[in-house]
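This is what each chain is made of:
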Amino acid sequence: MIGPSTSLGKSSMPAGPGGTDDAMMMPSPAGGMAPMMAKPALAVDERPADAAATGPDKDLADKLLRWCDPTQTKNIADELEADVLAKIGDRVLRDFKIDDLSRDGWMKKSEEAMKLAMQVAEDRTTPWPNSSNVVYPLITVGAIQFNARAYPAIVQGRNVVKGVVIGQDFGTPQVDPASGQPMMDQRTQQPVWKVQPGAKRARAKRIADHMSWQFLEEQSEWEEDTDKLLLILPIIGCCFRKTYFATNLGRNASALVNSKKFVVNYWARSIETAPRTSEIIEFYPNEIEEMIRAGLFLRQDYKVMGSTTTDDDAPIEFIEQHRLWDLDGDGYEEPYIVTAHKSSGKVARVVAGYEADGIIFSGETHEVARIKREQYYTKYDFIPNPDGGFYGVGFGQLLGPINDSVNTVINMLIDAGTLSINGGGFIGRGFSLHGGSLRRKMGEWTFVNAPGGAIRDAIVPLTPPEPSQVLFTLLGSLIEAGKEIASVKDVLTGGEAGTAAMQPTTLLALIEQGLKVFTAIFKRIHRAAK
C-alpha cells in the first residue's frame, strides 16, 4: 500500500447501495466524513479579475497549482537541487529526533504497559534464580472487556454511519405564481410539494447506507482495523488512523497507525496545529524499485549502511513527515509531505500537502495569504492526558503501578509457599549418612549409620513462615482498586456472587453505573470519527 504522499488525487466514488443520484459523502483525510463534490481550481480572497490573469502572483499560482496536481507532478523532488534536498533531509531527521525525544517518558510507560497486557514474564534472579514471576492479567482483562463492549457498540450490524438532519424537514410546497399561495391538489385537497416532507431524512438515510457499504464492503480493512484499534487503545491510551484516497486501488483506503510509529512533539496541542507530524513507514526493496520506476521515488541507494542483517528482503524504514517548508521562495512556508530515508536522511519524495482550493490569495497584495494543510490522520484518545501532553493515557499508565504491586505480592506469596513446602535445614558435622546426599522415594525407609536420638539431635529443619495472611489481604485490596479503575467489576463480567437473588432494577442500576466510564470513552471515539 502506498501512503498519502502518493495518493493525493481525487476521483469519483463507485456506486453503492445509495445509488449515484444522491450527493455522496466520503471519509475525509482527518477520518471524518466530507461531501464528495467538485472543487474550484483556486480559492481567491476577492482578487480582481485582471490581477488573476496578469498579477505578480500568476507564476506563483501556476507553480502551486501544478505541484498539487498529481497528474502534472508526481514528485516535486525532481525539480529541486541536490543541496536543497540535502538540507530538507537533514532538517527532517533533526526534527524527527527532537519530537521523538520529547515523548520518551510516555513511550517507556507504553512499552511497559504492552508487556503487562501481553503477559510477558521475564526471568527473575531474586530471591533465587527462576523464582516465581507471575503476571496478573489486570490490564489484559480491562482491555478485553473494553473491546467486547466497544466493538459491537460502534459497529452495529450494517449501520456504521448514521445521518443527521440539520434544520427543518417539513417540506417546501409549490407556490401559485398568480396568488402567491401554496398550490393544492384539486383531487386530494393536499398541498402540492416542491420538496416532500422528510426528504432530508430520506437523503440522510441513503447517504448513511452508502457510506456504511463503503466502510464494511469496499474498504475491507476498515472493520478489522477498528477491532484492533479498540483493543490497543485501552492499553496504551492513544492510536491513529490514516485515511486517504488510494490511486492504485481506485478507492478510499485507511490504515491503522500505532502510536509507536506516529511521532508528534509531546507538547503539541493537536494534529491540526502541530508544525509537523511524522510516521515511520516500511517498504520492501522490491516496492521501492516499483516506486522508482513509477516516478514516485528518486533513484538512489536506500540501503541501510552498516546493517548486520543477512535478509536481502528486509523492509527499509522511511520517515513520512508532514511539515512546512518554503519551496517557492516567497517567504511563506507551504505544507508538504516529505518522505526521507530514516537511516541516511536521503529525500525520496516531496509532494504537496494541500489541495488547490486550499490556496487563499490576498485581494490587496496578491500574495499568498494562507494555504490550508490537508489532514490524513485521525487521533483517538482513551483518556485525555492529565499533564496536557499530546498522547492520551490508557489502562497501562493508570494501572501499571497497581499491576506491578499485584505481581510483586503474588510472587512473594508463591515464593513463600515454595520455600515452606520444599523445606531444608541444617545437619550436624558429626552425623554420618555414609557420605553424599540422601534421596528418598515415596513410602521408602532408609537405613542410616546413627541411632534415632542422634538423628534428631543432628538434623535441625529450617521452618520458614507460611505465606502471610496480611499480604493475601493486601493482594485483594490492590486487585479491587485496579478493577475500580478499569470498570471491570464482577457484576459486569457475570461473576458477582449473589446476583441471582438481586432485584432486577438493582442489578440494572449497578450495571449502568459500572458502564459510565465506558460511555465517556465511547463518546470520545465517536467525536474523533465525526
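Scroll up to find the structure.
Residues numbered from 1 in each chain as written. Predicted model: local features only at pLDDT ≥ 70, side-chain atom pairs only at ≥ 80, totals over all residues. Heavy atoms only, no water.

Engineer: Whenever I open this one, the pattern of salt bridges confuses me. Can you help?
Structural biologist: When the charged atoms of two side chains with opposite charge come close together, those side chains can pair. Inspection of every chain in the model, using the stated rule, returns 21 salt bridges. Between arginine 124 and aspartate 415 there is a salt bridge, with the nearest N and O atoms lying 4.0 Å from each other. Residue arginine 124 is found in the loop between α4 (104-117) and α5 (138-154), and its partner aspartate 415 is found in helix α9 (residues 395-422); the two are separated by 291 residues along the sequence. For arginine 158, the salt bridge is made with glutamate 217, and the minimal N-O distance between the two is 2.5 Å. Separated by 59 residues along the polypeptide, arginine 158 in the loop between α5 and β4 (172-173) and glutamate 217 in helix α6 (residues 199-218) bring together distant segments of the chain. (Salt bridge = Lys/Arg side-chain N within 4 Å of Asp/Glu carboxyl O. Helix = DSSP H or I, 4+ residues; strand = E, 2+ residues; numbered from the N terminus.)

Engineer: Would you take a moment to explain the pairing of strand β11 (residues 334-341) for this structure?
Structural biologist: Each regular strand carries side chains that alternate between the two faces of the sheet. In terms of residue burial, β11 counts as a mostly covered element, since eight of its eight residues are buried. Burial along β11 is two-sided: Glu334, Tyr336, Val338 and Ala340 facing one way and Pro335, Ile337, Thr339 and His341 facing the other are all buried. When strand β10 (residues 316-325) meets β11, the two strands line up antiparallel, connected through eight bridges. Each residue of the ladder has a partner; that of arginine 323, found in β11, is tyrosine 336. Two elements, β11 and strand β12 (residues 347-352), share five bridges in a ladder whose sense is antiparallel. Paired with valine 338 across the bridge in β12 is valine 350. (Buried < 20%, exposed > 50% of the residue type's maximum accessible area, 1.4 Å probe, protein only. Pairing = 2+ DSSP bridges.)

Engineer: Any chance you could explain empty space enclosed by the protein here in plain terms?
Structural biologist: Empty space among the atoms becomes apparent when a probe as large as a water molecule is rolled across them. The final tally for this structure, using the stated rule, is one cavity of 30 Å³ or more. What lines the largest cavity is simply Ile271, Ala274, Thr277, His322, Arg373, Glu374, Gln375 and Tyr377. Broken down by class, the residue content of the lining of the largest cavity amounts to three nonpolar, three polar and two charged. (1 Å grid on protein atoms, 1.4 Å probe; cavity = no way out; pocket = protein on both sides within 12 Å on 5 of 7 lines; lining within 4 Å. Points joined across faces, edges and corners; volume = space filled by probe spheres on them. Nonpolar A, V, L, I, M, F, W, Y, C, P; charged D, E, K, R; others polar.)

Engineer: Got a minute to help me understand helix α3 (residues 82-102) in this structure?
Structural biologist: Because each turn of an α-helix spans 3.6 residues, side chains separated by three or four positions in sequence point in the same direction. Its 21 residues place the ends of α3 31 Å apart at the C-alpha level, agreeing with the 30 Å of an ideal helix rising 1.5 Å per residue. Among the residues of α3, those classed as buried are Leu85, Ile88, Gly89, Val92, Leu93, Asp95, Phe96 and Asp99. Each element contacted by the buried residues of α3 is listed here: β8 (262-263), β9 (276-283), β10, β11 and β12. (Expected span 1.5 Å × (residues − 1). Contact = heavy atoms within 4.5 Å.)

Engineer: Looking at this model, I keep getting lost on the sheet that holds β12. Mind explaining?
Structural biologist: Across a sheet, paired strands are connected by hydrogen bonds in the backbone, their directions being either parallel or antiparallel. What the five strands build is an open sheet, ordered β8-β9-β10-β11-β12; its pairing is antiparallel. Across the chains shown, the open sheet's two edge strands, defined by having one partner strand only, are β8 and β12. Inspection of the sheet shows β8 paired to β9 by two bridges, in the antiparallel sense. Opposite valine 263, over in β9, you have serine 278 as the bridge partner.

Engineer: Mind showing me how you'd approach the nonpolar core here?
Structural biologist: Within soluble globular proteins, side chains that are nonpolar generally end up buried alongside one another. Core analysis: the largest hydrophobic core is formed by 42 residues, its most contacted members being Leu64, Phe297, Phe318, Leu327, Tyr336 and Tyr354. The greatest single-element share of this core, amounting to five residues, is contributed by α3. Apart from the residues within four sequence positions on either side, leucine 64 is in contact with Asp328, Glu334, Tyr336, Tyr354, Ile359, Val368 and Ile371. Membership of the second largest hydrophobic core comes to 33 residues, among which are Leu116, Ile139, Leu229 and Ile236. (Core = buried A, V, L, I, M, F, W, Y, C linked by side-chain atoms within 4.5 Å.)

Engineer: What is the right way to look at a nonpolar patch on the surface in this model?
Structural biologist: Taken together, Phe426, Val460 and Leu462 make up a surface patch of nonpolar side chains, about 300 Å² in accessible area. With a relative accessible area of 55%, phenylalanine 426 lands in the exposed category. (Patch = residues over 30% accessible without salt bridge, like charges linked within 9 Å, V, L, I, M, F, W, Y side chains within 5 Å. Areas by Shrake-Rupley, 256 points an atom, 1.4 Å probe, with all protein chains shown as cover.)

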